[in-house]
Amino acid sequence: MSLFFRRTLGPATVVLVCLHSALAETELETVYSEVIPASATLPEFSVTQVQILTPDQFSDTAVSVADVIDQVPSVQVQQTGELGSLQSVTVRGAPSQQTQIYIDGVLQSSVGGEGNYLQQLSLTDIERIEVYPSSTPMQFNQATPGGAINIVRKRQHQTGLTLKAESGSFGRWGGQINARGRWLQTDMSAFLQGIRSDNDFTYVYDGGGTYGTDETELTRKNAGYHSVQGGLSLRRQGDNQSLNGNLEAFQNRKELPRTNNRDDGNAYYADRGVRLSLAYDLNQWVQNLDSSVRYQYLTEQGHLYDPDNQVGIQRNDSQDTLQSHLIQYHHLVSAGSVMLTGSQSLTWDQFSLEDEINGTTLDADAIQLSSSLGGEWFMGNNWTAIVTGRTLWIQNQQDGNRTDDSDWGLQAGLRHPLGPVELQWNIQRSHRQPNLLERYGAKGTFVGSPALESEQSVAADLSVTYKSPQLYAHGSAFIRQTDNAIAATYDSQGVGRYVNVANALYRGIEWQSQWRLKPVRLDVSGTLQTGIIDSGSASYDDGNQVPGYYPLSNDSRLSWQLTPKLMLYQRYLFETGLFYDRYNSSQPPTKHQWDAGVKWQNPRLSMSMDITNLLNRAHLDYSRKPLPGRAILFTIQITTGADS
Amino acid sequence: MNKLLYTLPLLLLTGCLIEGKSNNDTTINVGAEFSNFDPQLVMASASPDYATSDVLIVGETDVDTHALIEGKFATTNPSDIRLAAHNHSIYRLGRFSYDSATRIDMLFAFDLLKVDWQYSVLGEDASANPYDLVVKDKSTAYVSRYDSKTLWKVNPNAKNQDEFLIKEIDLSAYASASTGVPFMADMQLIDDKLFVVLVRLDASWGATANSKVVVIDTNSDTIVDTDTTTSGTQVIDLPVRNAGDFWYDGTNLYLSAVGDAYNYNDSTYKYTGGVVKLNPTDYSVSLEVDDGTTENAPYGNITNVAVHNGDIYFTGSISYGNDKLWVLRQGNTTAIEISLGSGTFNISDVSVRNDNVYVSVFANATSGRSAGLKIVNPQSALVTDFIETDLNPTQILVIE
């Protein structure tokens, strides 16, 4: 079975794809259309290592993609407090800005340092989440050191209606409606969801220091969160072409509590945005050619309001706006035993920031032209090899100051199935360009750094996967050298700017397994990794561990189907070894989190109770903020027609 | 097999019984090599990203004239600190959002540093942002609180938080109208009179008004009238904006002032700082060094000052990461630059002890130059020694 044959034989091969998936007993439940977009990543045939999440793995307590993504071993999600707070994603130790976020293969903008895309993305209407922790697939025309996360939306819907309501600890309420149908030969799906939480959990306040006897138990104040999201997707399918449209909108607001938990004042961060994406996919335009054209428009506004200097080191009333246009073209052609995939995209991002209190403004834009050409060779004895070359030209400008940069990437990989075992090797050179905030952001006592260089890395990994009806087991080893990492530093007057500070070498192993023995299913995944800073000279951080990730983590999930309708589960998360700082002075306590839940389900109705942090342990996040203790969530869902 | 299925949940739970360990030991053994340690300087330090703070002690041992103790109090909690020192105690102040005071006793006879206590200095404020602590006697000290209206009189011998706060002294009458907060900063105690710098920034952290110094009679905790020829209780008006820390040479107080240096939108008042001499007896002030004008500012914005035998050593910030050390010799009208070496330097503080001038410099990520303390000979104006530190030193305190 090869991708080559499936492509060249056209629609009939779709059946084979499904058969392949079923026989392999993978967790992929992908259903492809007759027209397969040239931009589709097809993870079951991926030469690059990929970890997949499907909706059946999403917890009822999860609100956004950020809440579920840490189930794959390469990803750790660090909280910065309660529900709705900023979540930072690290992939194999790489900070969040080094990981690219794609939606249906379309890169999301990061010119303004956006790090919370995953929090903005509802789990509704998602078919799967693909995590490429190291090398990125050849359909993506850019690659960065922290790999890529691709969120794939559902492409086909059956007529139906789903209503969901939830209520839980700390004043949490939520609801969702999802309608699906077909009208005028067009598949349609729409959803609307809302959630709010007071986040009034109790925690121990340490009195602003490690020592002393001034620890007191407080109830979190001014930490509320609410979010409303909605979306509409349309799909019109022809014999050899398909047209997809998707419109999403969101509005979130997070109150920002004071460290010392005083309840006066008013500080918050609010953001809202609209994302429109259109895709036109054409199959067999000429013989052996698929092509795909995509357009995305994104507008976002954020507002940080802290006029009384309650949560930061300075007063803030800053508004930032991002407008982004992207057009992308993919084409795929087969020639003998080689399949070539070409991709080009042109992006224009405009970012502005204005702070009335500080009187600071930033008005900058970036134009990027990125291209890639990848070849996939189907050699004898089930060997598949890929080579992908990438180029990027980027122009940043602010107030007439223009910076032109270009960079390149290269990736090569091998895949070799051997019965139930599959081997993958990959190596990739990638880079990340400084974003507009890092390059030009001058805000209060912070100045821009126009001469910043890009971060670069070379990463290699090897993975082994075993699949049988009862057992799925996956192990991988990786190594990554990252140079010129960008970080904020401050001068003797407390004025900050971003600089290229250091290099780092990451090494690690990962494991992931799923064992099914009815009525029990056990999922275990984890990682053991090191990330060591190389400052190139005697420095405070030279030889230290990169902060912000856990070198050892293990996630065990056990689910038990008591009856056809009743299921119990428990989860134990173990994480240790994180440092808060590059000096490696301080660590949080080792995390032991136990979750449990029960779910009753029939085709029309499901009810569940989920308990997070069952033992009510006091966890701290990676920035030393307290996390909520034990939380209970009740969920009820009613479905009419076909399930979504 | 069924037994295994039932046992699995228990196996998964075993990890829950392993508890994390937190580091809050109150005694720290510094090692036998510091048994005869004679502390001379105390320094605060911070990592370049200000995520980590540390308390450093420089002193003399039997074998090393500049031995350094560091890394014993490195922490992210608090990461933003200032220090005060009195006799053999160091007071670590956790600043914005930490709002704590911690006393560390130097017990070198026992090779120990010991955390004696930690108390909150927050009170009813959103953040007190403590700046300085001055000890009058074993049961009386004062804490200036940068983001508060009130200065605290505290009891360093308190056994608990309730006993710690003795009294609050309201200084809001000297605040700028837009904030209501006087931005009280450095303090100096001279003959029972407590001199307190009031920086007096506006609501946008702009230096739109001159700074002042308020004098408090510590016997009565009342504000001293520094100009009896004018009606009402007067405080000392300084001819500069955004005043920094005191230097006391035993006769006069000296203050550096950085002016409106951090207003990136309007440079009109950028050079309204300098070095001021204040007579603590008659409260007269004089501008010893003027930082110039927008057109001519030879020293940049003046950031720190120390005095040795009448010579005024001060630092000026020319541009980002480019600070210089200057000396105005007694009797001269023009300051001369003292070279600290090739390249540019980030200077955070300057101090004098005996016949050494100490200049704290940040690490330079580009050149690979280390952070540390440059020791300058005041006579030759040459750098004679360098004490390398892990983190960037941010404050130097002299222990007499």
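In the block above lies the structure referred to throughout.
Fair warning: this is a prediction, and the values are worked out from it, not measured in the lab. (Residues numbered from 1 in each chain as written. Chains lettered and ligands numbered in written order. Predicted model: local features only at pLDDT ≥ 70, side-chain atom pairs only at ≥ 80, totals over all residues. Heavy atoms only, no water.)

**Digging into a negative patch on the surface**
To keep it simple, the criterion reads: What makes a patch is a set of residues exposed beyond 30% relative accessible area and free of salt bridges, joined within 9 Å when like-charged and within 5 Å when nonpolar (Val, Leu, Ile, Met, Phe, Trp, Tyr). Here the accessible surface of atoms and residues is derived via Shrake-Rupley with a 1.4 Å probe, and residues count as covered only by protein chains that are part of the display. We define a salt bridge as a side-chain nitrogen of Lys or Arg found within 4 Å of a carboxyl oxygen belonging to Asp or Glu. Counted as positive: Lys and Arg. Counted as negative: Asp and Glu, with His and the chain ends omitted from the count. All charge positions are set by atom: Lys at NZ, Arg at CZ, Asp at CG, Glu at CD. Each residue gets one of three labels from its accessible area relative to the maximum for its type: buried under 20%, exposed over 50%, partly exposed in between, using a 1.4 Å probe on protein chains only.
A cluster of like negative charges, contributed by Asp 38, Glu 60, Asp 62, Asp 64 and Asp 385 of chain B, occupies part of the molecular surface. Classification of Glu 60 of chain B by relative accessible area gives partly exposed; the value is 35%.

**What about the environment of Arg 582 of chain A?**
Using the following cut-off: For the purposes of this entry, the term helix denotes a DSSP run of H or I that reaches at least four residues, the term strand denotes a run of E that reaches at least two, and both are numbered from the N terminus.
Structurally, the position occupied by Arg 582 of chain A is in the loop between β28 (566–576) and β29 (591–601). As for Arg 582 of chain A and Ile 533 of chain A, which are separated by 49 residues in sequence, their C-alpha atoms are 8.4 Å apart.

**Some details on the sheet that holds strand β19 (residues 253–257) of chain B**
Residue and element names in this part refer to chain B. Using the following cut-off: Strands are labelled as partners when DSSP assigns at least two bridges between them. Between N-to-C directions, angles cover 0 to 180 degrees, with each direction set by a line fitted to C-alpha atoms, over the stretch in contact for helices.
Across the sheet, which stays open at both edges, the four strands sit in the order β18-β19-β20-β21 with antiparallel pairing between neighbours. The strands lining the two open edges of the sheet, one partner per strand, are β18 (243–248) and β21 (285–290). Between one strand axis and the next, the sheet turns by 25° as a mean value, whatever way the strands run. Judged from the five bridges that link them, β19 and strand β20 (residues 274–278) form a sheet pairing that is antiparallel. Counted as the bridge partner of Leu 255 is Val 276 from β20.

**Digging into the interface of chain B and chain A**
Where we set the bar: Two residues form a contact once any of their heavy atoms are found within 4.5 Å. When two components associate, each loses some accessible surface as probed by a 1.4 Å sphere; the sum of these losses over both components is called the buried area. Throughout this description, a polar contact denotes any pair of N or O atoms lying within 3.5 Å of each other; where both atoms belong to protein, one of them has to be capable of donating a hydrogen while the other can accept it, and for residues adjacent in sequence the pair is counted only when both atoms sit in side chains.
Listed as interface residues are 72 residues of chain B and, on the opposing side, 61 residues of chain A. Summed over both sides, the interface of chain B with chain A buries roughly 5,300 Å², with 56% coming from carbon and sulfur. Taken together, chain B and chain A are joined by zero salt bridges. Across the chain B-chain A interface, the total number found is 15 residue pairs in polar contact (both at pLDDT 80 or more). Per element, the largest residue contribution to the side of chain B that touches chain A is seven residues, and it comes from helix α1 (residues 2–13) of chain B.

**Structural notes on the packing of aromatic side chains**
Heads up, the rule is: In summary, the pairing rule links any two rings of Phe, Tyr or Trp, Trp by its six-membered ring, whose centres are within 6.5 Å, and it sorts them by plane angle into stacked for under 30 degrees, edge-to-face for over 60 and tilted for everything else.
Under the defined criterion, the tally for this structure stands at 19 aromatic pairs over all chains. When the ring of Phe 170 of chain A is compared with that of Phe 201 of chain A, the centres are 6.0 Å apart and the planes differ by 65°; the resulting orientation is edge-to-face. Of this pair, Phe 170 of chain A sits in the loop between β8 (160–168) and β9 (172–183) while Phe 201 of chain A sits in the loop between β10 (186–197) and β11 (202–205), placing them 31 residues apart in sequence. Its relative accessible area of 0% is what places Phe 201 of chain A among the buried residues. Arranged with centres 4.8 Å apart and planes meeting at 40°, the rings of Tyr 119 of chain B and Phe 164 of chain B form a pair that is tilted. Of this pair, Tyr 119 of chain B sits in strand β8 (residues 112–120) while Phe 164 of chain B sits in helix α2 (residues 161–164); the two residues are 45 residues apart in sequence, bridging distant segments of the chain. Taken together, the ring pairs connect Tyr 91, Trp 117, Tyr 119 and Phe 164 of chain B into an aromatic cluster.

**Here we look at the pairing of β8 of chain A**
Residues and elements named next belong to chain A. Sheet analysis places β8 next to β9, joined by nine bridges and oriented antiparallel. Bridge assignment links Ala 165 to a residue of β9, and that residue is Gly 175. In textbook terms, the turn of a hairpin is the stretch between consecutive antiparallel strands, and for β8 and β9 this stretch comprises three residues, one of which, Phe 170, has a positive phi near 60°. Direction of pairing for β8 relative to strand β31 (residues 631–641): antiparallel, over a ladder of nine bridges. Its bridge partner lying in β31, Ala 165 is registered against Ile 636.

**Some thoughts on the pattern of salt bridges**
Residues and elements named next belong to chain A. Considering all chains together, one arrives at 38 salt bridges over all chains under this definition. A salt bridge links Asp 104 to Arg 153, with the shortest nitrogen-to-oxygen separation between them at 2.9 Å. Remark: Arg 153 occurs in strand β7 (residues 148–153) and Asp 104 occurs in the loop between β4 (100–103) and β5 (106–107); sequence separation between them is 49 residues. The class for Arg 153 is buried, based on a relative accessible area of 9%. A salt bridge links Asp 187 to Arg 182, with the nearest nitrogen and oxygen atoms 3.2 Å apart. Connected through salt bridges with shared partners, the residues Asp 70, Asp 555, Arg 557, Arg 571 and Asp 595 form a single ionic network.

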